[in-house]
Amino acid sequence: MAKKLVIVGSGPSGLTAAIYAARADLQPLVIEGFMKGGQPGGQLMTTTEVENFPGFPEGVDGPELISRMKKQAERFGTEFIMEDIESVDFASRPFTLKTGSRTVTAHSVIVSTGASAQILDLPSVKKFWGKGISACATCDGALPIFRNQIIAVIGGGDSAIEEAIFLTRFASKVLLIHRRNEFRASKAMQKRVFDNPKIQIIFDSVLEEVYGGQFTEGVKLKNVKSGEISDYPCKGLFMAIGHTPNTGFLGGALDLDQKGYIKVKAPSSATNIDGVFACGDVTDPHYRQAISAAGTGCVAALDAERWLHTNDLG
Ligand SMILES: Cc1cc2nc3c(=O)[nH]c(=O)nc-3n(C[C@H](O)[C@H](O)[C@H](O)COP(=O)(O)OP(=O)(O)OC[C@H]3O[C@@H](n4cnc5c(N)ncnc54)[C@H](O)[C@@H]3O)c2cc1C
C-alpha cells in the first residue's frame, strides 16, 4: 500500500518535516540515508559543538541534537529505514522510490537530502577534521578555539571571500589561500578583501599538509609555480571550495538550478512535480544552517499535509 508521505533524508530538515507530519497523523516513512550524501542524521553528525541552535543556551553536540529530533519524530509514529534511495519515478502516481533492496510507493514525497561540502582529499585533512578544520565559518567561526588566532581559508569564490571577511571578526589574522593568481568572486567582493588589513592573500598556492598535535597548529602550502613549500602556523582551517547538492539519485525527475539545487516555488516547498516537496540545504545554496533547514522542513510538512488533504489522500 502506498504511504501517505515518504521523506528522503534524516538531517534537521527531514526530521523536522517528520515531526510535523507525524503529529498531523500522516504516519510518515523517513528513508534516512546510509552511505550516499553523508550519513543518517546528516551533516550535524560530523560536528561536536552547535552553539547557535535555539533552545540550547549551553550549546549541544550535533549527534545529540539529531538524536533528540529523531526521538521526537518517533514519539508521534514516524517509521525509519536506514537505506539510500537509488532512483525515483515521479512521472506517475503513486510515486515510486527504490533503494538497493526495496521499492516504496508514496502519495507525496519530501526530498531533504542536503548538500555535501567539498573537502580536499588529504590524509591530514581527515585527521584534523573537527579539530580545527571546518567547512562552515558561520557555524564554527565564533568558537573559543578560533578567537584571536590565525585562521586559514581555502577557496577563491564568493563564499570563500565571505567566510574570510566574516572570520576577521574573531581571528587575529585570516590567511586566504587560492590556487590561482586571481579570485573568481565578483570585483566588489574582491575589493572588500583587498581593503581588509586583517586578511593576507596567498595566491598560486595549494594545501600540501595540515599539521598539529591534538588540534590544528599550521598548514604547509605548495606554490604551484615554483614548487616551493611554505609553512604557515594557524589554529584553524576553513574549506570554502563549494558544496554538492545530493540530487544525483533524482535522475532528472525534478527541476534543478545550474548548480544542481532543487528549484522550489518559494516561499513554499513545492517543486515542479505536484505532490513532491523539497526542503533544507538541497534547496538552499545561501544560508545552509541547521535552523534554516529545520524551518523549511516545517514548511514542507505543512505543504504536503495540505496537498494530501486537498487531493483526498490524507
Ligand atoms: C562540520 C559542520 C558543522 C556544522 N555546524 C553547524 C552549526 O553549528 N550550526 C548550524 O546551524 N549549522 C551547522 N552546519 C550546517 C548544518 O549541518 C546544515 O545546514 C544542516 O545539516 C542541513 O540540514 P539538511 O537536513 O538540509 O541536510 P543534511 O543535514 O545534509 O542531511 C541530509 C540527509 O539526506 C540523506 N541523504 C542524502 N542522499 C540520500 C539518498 N540518496 N537517499 C536517502 N537519504 C539521502 C543523508 O544521509 C542525510 O540524512 C554544519 C555543517 C557542517 C558540515
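Structure first, text after, so check above.
A quick note: this is a predicted structure, and the numbers were derived from the prediction, not measured. (Residues numbered from 1 in each chain as written. Predicted model: local features only at pLDDT ≥ 70, side-chain atom pairs only at ≥ 80, totals over all residues.)

### Quick look at the site of the ligand
Turning to step 1, where the next piece is worked out: As a structural note, the neighbourhood of the ligand is formed by 44 residues, with G11, G33, G42, G114 and G280 the closest of them.
Turning to step 2, where the next piece is worked out: Elements with a minimum of two residues in the shell around the ligand: α1 (12–23) and α7 (290–310).
Turning to step 3, where the next piece is worked out: Class assignment for the residues of the shell around the ligand results in 17 nonpolar, 22 polar and 5 charged.
Turning to step 4, where the next piece is worked out: Split by domain, the residues of the shell around the ligand number at least three in each of domain 1 (3–116 + 243–310) and domain 2 (119–239). (Near = placed C-beta within 6 Å. Helix = DSSP H or I, 4+ residues; strand = E, 2+ residues; numbered from the N terminus. Nonpolar A, V, L, I, M, F, W, Y, C, P; charged D, E, K, R; others polar. Domains from an automatic or database assignment.)

### Description of the sheet that holds strand β11 (residues 199–202)
Turning to step 1, where the next piece is worked out: A sheet is described by the order of its strands in space; here 5 strands give the open sequence β8-β15-β9-β10-β11, paired in parallel fashion. If you trace the sheet from one side to the other, it starts and ends with β8 (133–134) and β11, each paired once.
Turning to step 2, where the next piece is worked out: As judged from the 4 bridges shared by strand β9 (residues 150–154) and strand β15 (residues 236–239), these two strands associate in the parallel manner. When the bridges of β15 are listed, V153 appears paired with F238.
Turning to step 3, where the next piece is worked out: Together, β9, β10 (173–177), β11 and β15 form the strand contacts of helix α5 (residues 158–167), whose direction differs from that of β9 by roughly 170 degrees. (Pairing = 2+ DSSP bridges. Contact = placed C-beta atoms within 7 Å. Axes fitted to C-alpha atoms, helices over the stretch in contact; angles between N-to-C directions.)

### Considerations on the pairing of β11
Turning to step 1, where the next piece is worked out: Direction of pairing for β10 relative to β11: parallel, over a ladder of 4 bridges. Bridge pairing in β11 links L175 to Q200.
Turning to step 2, where the next piece is worked out: After leaving β10, the chain enters helix α6 (residues 187–194) and then returns to the sheet as β11, a path that is right-handed. (Right-handed = clockwise from strand over helix to strand, strands pointing away.)

### Brief notes about the pairing of strand β12 (residues 205–212)
Turning to step 1, where the next piece is worked out: Summarising the sheet, β12 and strand β13 (residues 216–223) pair through 7 bridges and their orientation is antiparallel. Pairing of E209 across the sheet is with K220, part of β13.
Turning to step 2, where the next piece is worked out: Linking two consecutive strands that pair antiparallel, namely β12 and β13, is a turn of 3 residues.

### So, helix α2 (residues 62–75)
Turning to step 1, where the next piece is worked out: Along its 14 residues, α2 runs 20 Å from first to last C-alpha, staying within 8% of the 20 Å computed at 1.5 Å per residue.
Turning to step 2, where the next piece is worked out: All of the buried residues along α2 are G62, L65, I66, M69, K70 and A73. Summarising the axial view, the buried residues of α2 lie within an arc of 135 degrees, below the 170-degree limit, and thus occupy one face. Exposed residues lying more than 90 degrees from the buried face of α2 are K71 and R75.
Turning to step 3, where the next piece is worked out: Each element contacted by the buried residues of α2 is listed here: α1.
Turning to step 4, where the next piece is worked out: Trailing α2 by a residue or two, G77 shows a phi angle of about 100 degrees, which is positive. (Expected span 1.5 Å × (residues − 1). Buried ≥ 20, exposed ≤ 12 C-beta atoms within 10 Å, placed from the backbone. Arc of directions from axis to C-beta.)

### Brief notes about the packing of α1 against α7
Turning to step 1, where the next piece is worked out: The geometry of α1 relative to α7 is characterised by a closest axis approach of 7 Å and an angle of 40 degrees between their N-to-C directions. Viewed along their axes, α1 and α7 adopt a mutual orientation that is oblique. Remark: the crossing between α1 and α7 carries right-handed chirality. Taking contact as the criterion, the partners of P12, S13, G14, T16, A17, Y20 and A21 in α1 are, on α7, A290, A293, A294, T296, G297, C298, A300, A301, L302, A304 and E305. (Parallel < 35°, antiparallel > 145°, perpendicular 65-115°, else oblique. Left-handed = near helix turned anticlockwise from the far one by under 90°.)

### Things to note about the sheet that holds strand β14 (residues 229–233)
Turning to step 1, where the next piece is worked out: Here we have 3 strands laid out as an open sheet, ordered β12-β13-β14, and antiparallel in their pairing. In this open sheet, the two strands that pair with only one neighbour each are β12 and β14. With direction set aside, neighbouring strand axes in the sheet form an average angle of 25 degrees.
Turning to step 2, where the next piece is worked out: Where β13 meets β14, 5 bridges bridge the pair, whose relative direction is antiparallel. By the bridge assignment, L221 is partnered in β14 with S230.

### A few points about the environment of T16
Turning to step 1, where the next piece is worked out: Looking at the element boundaries, T16 is found in helix α1.
Turning to step 2, where the next piece is worked out: T16 sits 281 residues away from G297 along the chain, and the two C-alpha atoms are 5.3 Å apart.
Turning to step 3, where the next piece is worked out: With residues up to four places along the chain from it excluded, the contact list for T16 reads M69, A294, G297 and C298.

### Comments concerning unusual backbone geometry
Excluding glycine, most residues fall at negative phi; most peptide bonds, likewise, are trans.
Turning to step 1, where the next piece is worked out: The residue after R93, namely P94, is reached through a cis peptide bond having omega -5 degrees.
Turning to step 2, where the next piece is worked out: With respect to the helices and strands, P94 occurs in the loop between β4 (87–89) and β5 (95–98).
Turning to step 3, where the next piece is worked out: Between A266 and the following residue, P267, the backbone shows a cis peptide bond with an omega angle of 5 degrees.
Turning to step 4, where the next piece is worked out: Note that P267 resides in the loop between β16 (243–245) and β17 (276–278).
Turning to step 5, where the next piece is worked out: Of note, the phi angle at D204 is positive, near 55 degrees, even though the residue is not glycine.
Turning to step 6, where the next piece is worked out: You can call D204 partly exposed: it has 16 C-beta atoms within 10 Å.
Turning to step 7, where the next piece is worked out: Here the phi dihedral of R288 falls at roughly 50 degrees; this positive angle occurs in a residue that is not glycine.
Turning to step 8, where the next piece is worked out: Residue placement: R288 occurs in the loop between β17 and α7.
Turning to step 9, where the next piece is worked out: Residue R288 is classed as buried on the basis of its 20 C-beta neighbours within 10 Å.

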